[in-house]
Amino acid sequence: MTAPDLHTPLYLGLMSGTSADGIDAALVQFPAEGGCRFVDGLTHAWDPAIRAELVALGEGGELGSLDTLGRIDAQIGIAFAAAANRLLAQSGTTPAQVRAIGSHGQTVRHRPLANPAFTCQLGDANRIAELTGITTVADFRRRDVAAGGHGAPLMPAFHLAMLGTADEDRAVLNLGGIANLTLIPRAGTPRGFDTGPANALMDAWCERHTGMPFDADGAFAARGQVDEELLGCWRGEPWFALPPPKSTGREQFHLAWAEAALGDRQRAAADVQATLLELTAATVADALLAHLPGAKRVLVCGGGVRNAQLLRRLSARLPGVVIESSAVHGLDPDYLEAMGFAWLAQRTLQGLPGNLPSVTGARGPRILGAIHLA
């Protein structure tokens, strides 16, 4: 924990991503001179039964009824509020000290190419405001979709503000359930897009075959050999050839998608894990070389930053590129997205846009989110 500056407002960000492996909560400040001061953070575990529902919904499962929708929306909101209140207690912060909460919610559907396009994040922000006593900003993605954008990724604007530089072409790589890149050239327009699967597929395969929820340090994958035939089959997925802007999620890349390519051939579980990891490394490298070939540095955040085997494979596919944690540049990689949604809440309250049209494809800058007063 870092002692906050008593003269700078506090904001609290809440984020649960594609993996649904927990609710990240970050307490931050944005000094007038720029940057982001991380004060404290924690990850709040999901109730296992709720998490199972969220994963099923993210993979295209049906809600069944409006009653189910209402219940899950309320339960997610209550869980997000519990994460915020735990962080307040842990940091010794009162609700009155926090200007606003920025809540991402939990994505259960993302259909930017449907007609009409739509995206759906659950987690009743009214509950969060009521249970925390803090003004809550939520539902950030739908305004961008209404303006013709993908509503994702939204973090590139935050990455640009915090990690942009005129010294070199660089990229920010978020390795969450899905991998996404923010491309920050020294001169020119910043861009960002999802590159494909990351932890969601690796975690699911690892849990099925080892009982562990994730592959710690990539050790399971490191025991296997990459199956080039299988890798080629997966890389042939037409989604990878789509030009940016593009975004995806569990509805596209889930375990059934991966298993469809396995066929009748018997493969060692560790070999499949190694190949899933290589798929992430390959698709990230392909995207970077295609869209910012002069990149000198990749700043990594998200759970994948702790997967040493994945980082080794990225380095092998990107020779000459420095690959390092966002922590080297002062942003905690575990809480960077939660910090970003705190920043988006600040932008909304200030009446400032939070999207980058060059990233999402929206018709222009838009103020994002709905404000729920405490």
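Provided above is the structure to which this section pertains.
Residues numbered from 1 in each chain as written. Predicted model: local features only at pLDDT ≥ 70, side-chain atom pairs only at ≥ 80, totals over all residues. Heavy atoms only, no water.

Caption draft 1: Structural context of the nonpolar core. The biggest cluster of nonpolar side chains holds 43 residues, and the ones touching the most others in it are Leu173, Leu175, Trp234, Leu276 and Leu288. Among the elements that take part in this core, helix H10 (residues 269-291) stands out by supplying ten residues, more than any other. Here Leu175 is in contact with Ala198, Asn199, Thr280, Val300, Cys301, Gly302, Gly303, Gly304, Leu310, Leu311 and Leu314, once residues within four sequence places are set aside. (Core = buried A, V, L, I, M, F, W, Y, C linked by side-chain atoms within 4.5 Å. Buried < 20%, exposed > 50% of the residue type's maximum accessible area, 1.4 Å probe, protein only. Helix = DSSP H or I, 4+ residues; strand = E, 2+ residues; numbered from the N terminus. Contact = heavy atoms within 4.5 Å.)

Caption draft 2: Seen up close, the sheet that holds strand E11 (residues 297-301). Pairing within the open sheet is mixed, and its five strands lie in the order E10-E9-E8-E11-E12. Across the chains shown, the open sheet's two edge strands, defined by having one partner strand only, are strand E10 (191-197) and strand E12 (322-325). Neighbour-to-neighbour, the strand axes of the sheet open up by a mean angle of 25 degrees, direction not taken into account. Here strand E9 (residues 178-184) pairs with E10 via six bridges, running antiparallel. Residue pairing for E10: Leu181 is matched across the bridge by Phe193. Sheet strands touched by helix H5 (residues 155-163): strand E8 (170-175), E9, E10 and E11. Its angle to E9, the strand with the most contacts, is close to 45 degrees. Along the sheet face, H10 touches E8, E9, E10 and E11 and points at about 155 degrees away from the line of E10. (Pairing = 2+ DSSP bridges. Axes fitted to C-alpha atoms, helices over the stretch in contact; angles between N-to-C directions.)

Caption draft 3: Representation of the sheet that holds strand E13 (residues 370-372) within the structure. The mixed open sheet is built from six strands, whose spatial order is E3-E2-E1-E4-E7-E13. Bordering the open sheet on either side are strand E3 (37-44) and E13, each of which pairs with just one other strand. Averaged over all pairs of adjacent strands, the angle between strand axes in this sheet comes to 20 degrees, irrespective of strand direction. Relative to strand E2 (residues 23-29), strand E1 (residues 10-15) runs antiparallel, the two sharing six bridges. Residue pairing in the sheet places Leu14 in a bridge with Ala25 of E2. Across the sheet, helix H2 (residues 66-91) touches E1, E2, E3 and strand E4 (98-103), and the angle it forms with E3 is around 130 degrees. Those strands touched by helix H12 (residues 336-349) are E1, E2, E3, E4, strand E7 (136-138) and E13, and its axis lies near 125 degrees from that of E1.

Caption draft 4: Structural view of H2. The end-to-end C-alpha separation of H2 is 38 Å, in line with the 38 Å expected for 26 residues at 1.5 Å each. A positive backbone phi angle near 70 degrees is found at Gly92, which sits one or two residues after H2. (Expected span 1.5 Å × (residues − 1).)

Caption draft 5: Spotlight on the pattern of salt bridges. The final tally for this structure, using the stated rule, is 16 salt bridges. For Glu59, the salt bridge goes to Arg250, with nearest N and O atoms at 3.4 Å. Of the two residues, Glu59 sits in the loop between helix H1 (48-58) and H2 while Arg250 sits in the loop between helix H8 (228-235) and helix H9 (255-259), which places them 191 residues apart along the sequence. Here Glu59 falls in the partly exposed class, since its relative accessible area comes to 33%. Given a relative accessible area of 9%, Arg250 falls into the buried group. Connected through shared salt-bridge partners, Glu168, Arg170, Arg297 and Glu324 make up one network. (Salt bridge = Lys/Arg side-chain N within 4 Å of Asp/Glu carboxyl O.)

Caption draft 6: Representation of the pairing of E12 within the structure. Where E11 lies against E12, four bridges are found, and the strand directions are parallel. In the sheet register, Val300 faces E12, and the bridge partner there is Ser325.

Caption draft 7: Expanded view of the pairing of strand E6 (residues 118-122). As paired elements, strand E5 (residues 106-111) and E6 share five bridges and run antiparallel to each other. Residue pairing for E6: Arg109 is matched across the bridge by Cys120. Connecting E5 to the antiparallel partner E6 that follows it, the hairpin turn spans six residues.

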